[in-house]
Amino acid sequence: MESASNGNEDKVVETVMVGRYIEMEQEGESKTVKSRLSSLLWHGGSAYDAWFSCASNQVAQVLLTLPYSFSQLGMMSGILFQLFYGLMGSWTAYLISILYVEYRTRKEREKVNFRNHVIQWFEVLDGLLGKHWRNVGLAFNCTFLLFGSVIQLIACASNIYYINDKLDKRTWTYIFGACCATTVFIPSFHNYRMWSFLGLLMTTYTAWYLTVASLLHGQVEGVKHSGPAKLVLYFTGATNILYTFGGHAVTVEIMHAMWKPQKFKAIYLLATLYVLTLTLPSAASVYWAFGDLLLDHSNAFALLPRTAWRDAAVVLMLIHQFITFGFACTPLYFVWEKLVGLHDCRSLCKRAAARLPVVVPIWFLAIIFPFFGPINSTVGSLLVSFTVYIIPSLAHMLTFRSASARENAVEPPPRFVGRWIGMYTINAFVVGWVLVVGFGFGGWASVTNFVHQIDTFGLFTKCYQCPPPPPPPSPLGLPLPTRTPAPSTTPFPTTVHNYTIPSISSIAPSPSPLPSYTGHHHRRHHHYGP
């Protein structure tokens, strides 16, 4: 009887969900021009807003490090890994959306009200699988988003250096840390409508600038494409691409901001398809032009000549990284608000003030580990692998492990994947692949590379991968000649037949020449001085 009425219940639940969002949007509605303009630019919740948010969040600073990954992987492996991890990321984002709808539907049936509460991933795990899964999901999700924010801050300092190198990258990190702290004033993902739209436009410009500029520049003289050369570099590059398409740790928050969250199912896949039109041409073109030079330049801007087009791309990427910092940090703000009891506070200023402590550790970690590029792979292997690949796949399998759960599922598997058997097969493959290749080999390679960066540059390095400063100019404005030591000759002996010749400072101002001597037994009879 319950399964027979399941379809009707789903429709009722869908209506309740949609109706509740409509009620929230219409509450206090006014018809003034100011209100309509604010709604147009500030209050987003449509499927289009979700698509812009997913696409904008997915292709942030990684656009600049993918050519670096291609130099580690080689052209063919780089292309194949992008396609493979793009599909895998879309699949696990789909799983997260199913689990969110399942959790929310169950709570709606229990008359739970979410009007002043933002549902998050760890709460979905808590409601479906219990507190132990909640704790694991909370730990991985918060740590990943913390380091995701750190990476955006590092990217800001790395990019601005190619426009203004009068300040070192560490100083720029201080400055942009203060700028990114202003994201505490953005209440939720509802309010990223304008920002996500502009962010995607900025990234699109940058991607096609990299493509066109590299093709016009042509291949550098003696270019080499030796990748893959080492297993460490190969798996480091692969985990950076794993990180690239693992940006769906904020899927639940984006869905909760939608008026009809059940429409999210295919949005992430469509966003990924658009992102591939940006990442594949740009990474392949830059690698074709510069080859192995990218192994020592993790930021693609470092090798392109400075022009007005490049400066525009740098500025646009800086703005976009500010937006992506907000995307990664907003879920952390929510967690912190719930911890201190201010999540349902209606005062934006109080919530903003309470959020500020979240930015401090991000700022500090960006100064300790400024390794733009290698840190992406490390975060990808150790955190992204579990947060958005392994945990969602396992959670889906355990949530629907019983026959009754599968019969009453709000979103049953589609026919083209083979229903439940196909669903479990794909999930098991994702868990096995990411655990062995992403976390196992990828973790070994990325941690090895990360430790190498620490040994080479040190923690708190002032300017990571910056060119050495030019020699100071002479008073006449000409560069000072570089002094090279004279070729080594046979040094003047300081001992002769066990006799130590005294130093210059111990000899009188007008010493007489050293007398000759014939043997060791005459040494005590010789007198020096005037």
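Residues numbered from 1 in each chain as written. Predicted model: local features only at pLDDT ≥ 70, side-chain atom pairs only at ≥ 80, totals over all residues. Heavy atoms only, no water.

1. Some remarks on the side chain of Gln120
Okay, step 1: The residue Gln120 is located in the loop between helix 5 (75-109) and helix 6 (121-129) in this model.
Okay, step 2: In this structure, Gln120 is in contact with Val252, Glu253, Pro331, Phe334, Val335 and Lys338, ignoring residues within four places of it in sequence. (Helix = DSSP H or I, 4+ residues; strand = E, 2+ residues; numbered from the N terminus. Contact = heavy atoms within 4.5 Å.)

2. A word on unusual backbone geometry
Okay, step 1: Even without a glycine there, the phi angle at Lys111 is positive, about 65 degrees.
Okay, step 2: Within the secondary structure, Lys111 is located in the loop between helix 5 and helix 6.
Okay, step 3: Unusually for a residue other than glycine, Arg419 sits at a positive phi of about 55 degrees.
Okay, step 4: Turning to its location among the elements, Arg419 is positioned in helix 17 (residues 419-457).

3. Overview of the packing of helix 8 (residues 169-180) against helix 14 (residues 348-368)
Okay, step 1: Axis separation between helix 8 and helix 14 bottoms out at 10 Å; the angle between their running directions is 165 degrees. In terms of orientation, helix 8 and helix 14 fall into the roughly antiparallel class. Considering the relative orientation of helix 8 and helix 14, their crossing is right-handed. Across from Arg170, Thr173, Tyr174, Gly177 and Ala178 in helix 8, the residues of helix 14 making contact are Val359, Trp363, Ala366 and Ile367.
Okay, step 2: Class assignment of the residues belonging to the contact of helix 8 with helix 14 gives a composition of six nonpolar, two polar and one charged. (Axes fitted to C-alpha atoms, helices over the stretch in contact; angles between N-to-C directions. Parallel < 35°, antiparallel > 145°, perpendicular 65-115°, else oblique. Left-handed = near helix turned anticlockwise from the far one by under 90°. Nonpolar A, V, L, I, M, F, W, Y, C, P; charged D, E, K, R; others polar.)

4. Describing the nonpolar core
Okay, step 1: In terms of nonpolar packing, the biggest core is built from 134 residues, with Val124, Leu210, Phe264, Phe301, Val379 and Tyr389 touching the most fellow members.
Okay, step 2: If we skip the residues at most four places from it in the chain, Val124 touches Leu99, Tyr100, Tyr103, Ile119 and Val252. (Core = buried A, V, L, I, M, F, W, Y, C linked by side-chain atoms within 4.5 Å. Buried < 20%, exposed > 50% of the residue type's maximum accessible area, 1.4 Å probe, protein only.)

5. Section: the packing of aromatic side chains
Given two aromatic rings, their pairing is described by the distance between the two centres and the angle made by the two planes.
Okay, step 1: On inspection of all chains with the given rule, the structure shows 25 aromatic pairs.
Okay, step 2: Ring centres of Trp172 and Phe176 lie 6.0 Å apart, and the angle between their planes is 45 degrees; on these two criteria the pair is classed as tilted. With Trp172 and Phe176 both in helix 8 and four residues apart, this pair spans about one turn of that helix.
Okay, step 3: Using a relative accessible area of 11% as the deciding quantity, one classes Trp172 as buried.
Okay, step 4: Summarising the aromatic geometry, the rings of Phe235 and Phe441 are spaced 5.1 Å apart at their centres and angled 15 degrees between planes, so their arrangement reads as stacked. Taken as a pair, Phe235 in helix 10 (residues 231-244) and Phe441 in helix 17 lie far apart in primary sequence, 206 residues in all.
Okay, step 5: According to the relative accessible area criterion, Phe235 is buried, its value standing at 14%.
Okay, step 6: With relative accessibility at 41%, the residue Phe441 sits in the partly exposed group.
Okay, step 7: Taken together, the aromatic side chains of Phe81, Phe84, Tyr85, Tyr234, Phe235, Phe429, Trp433 and Phe441 make up a single cluster linked through ring pairs. (Phe/Tyr/Trp six-rings, centres within 6.5 Å; stacked < 30°, edge-to-face > 60°.)

6. Notes on the pattern of salt bridges
Okay, step 1: Under the definition given, this model contains ten salt bridges.
Okay, step 2: In this structure, the salt-bridge partner of Asp49 is Arg193, at a minimum N-O distance of 2.8 Å. Of this pair, Asp49 sits in helix 3 (residues 47-58) while Arg193 sits in helix 9 (residues 193-217), and the two are 144 residues apart along the sequence.
Okay, step 3: Asp49 sits in the buried class, given a relative accessible area of 11%.
Okay, step 4: Between Glu123 and Lys338 there is a salt bridge, with the nearest N and O atoms lying 3.1 Å from each other. Of this pair, Glu123 sits in helix 6 while Lys338 is found in helix 13 (residues 308-340), placing the two residues 215 residues apart along the sequence.
Okay, step 5: One connected set of salt bridges, linked through shared partners, spans Glu337, Arg351 and Arg355. (Salt bridge = Lys/Arg side-chain N within 4 Å of Asp/Glu carboxyl O.)

7. Considerations on a nonpolar patch on the surface
Okay, step 1: Nonpolar side chains collect at one region of the surface, where Leu231, Leu382, Leu435, Val436, Phe439, Phe441, Trp444, Val447 and Val451 lie side by side and expose about 770 Å² of accessible area between them.
Okay, step 2: Of the residues forming the nonpolar patch, the biggest block, seven residues, is contributed by helix 17. (Patch = residues over 30% accessible without salt bridge, like charges linked within 9 Å, V, L, I, M, F, W, Y side chains within 5 Å. Areas by Shrake-Rupley, 256 points an atom, 1.4 Å probe, with all protein chains shown as cover.)

8. Side note on helix 4 (residues 62-73)
Okay, step 1: Compared with the 16 Å implied by 1.5 Å per residue over twelve residues, the 15 Å span of helix 4 between its first and last C-alpha is a close match.
Okay, step 2: When you tally the buried positions in helix 4, you get twelve out of twelve residues, the bulk of the element.
Okay, step 3: Those residues of helix 4 that fall on the buried side of the exposure criterion are Val62, Leu63, Leu64, Thr65, Leu66, Pro67, Tyr68, Ser69, Phe70, Ser71, Gln72 and Leu73.
Okay, step 4: Looking one or two residues past helix 4, Gly74 carries a phi angle of roughly 95 degrees, positive in sign. (Expected span 1.5 Å × (residues − 1).)

9. So, the confidence of the model for the protein
Okay, step 1: On average, residues of the protein carry a pLDDT of 80, and 79% of them reach 70 or more.
Okay, step 2: When pLDDT is averaged over each element of the protein, helix 12 (residues 267-290) comes out on top at 94 and helix 1 (residues 6-26) at the bottom at 38.
Okay, step 3: For residues 1-30, every residue scores under 50 in pLDDT, and the model assigns this stretch 40 contacts once sequence neighbours within four places are set aside.
Okay, step 4: Throughout residues 510-530 the model reports pLDDT below 50, and contacts reaching past four residues in sequence, or to other chains, amount to eleven contacts. (pLDDT = per-residue confidence, 0-100.)

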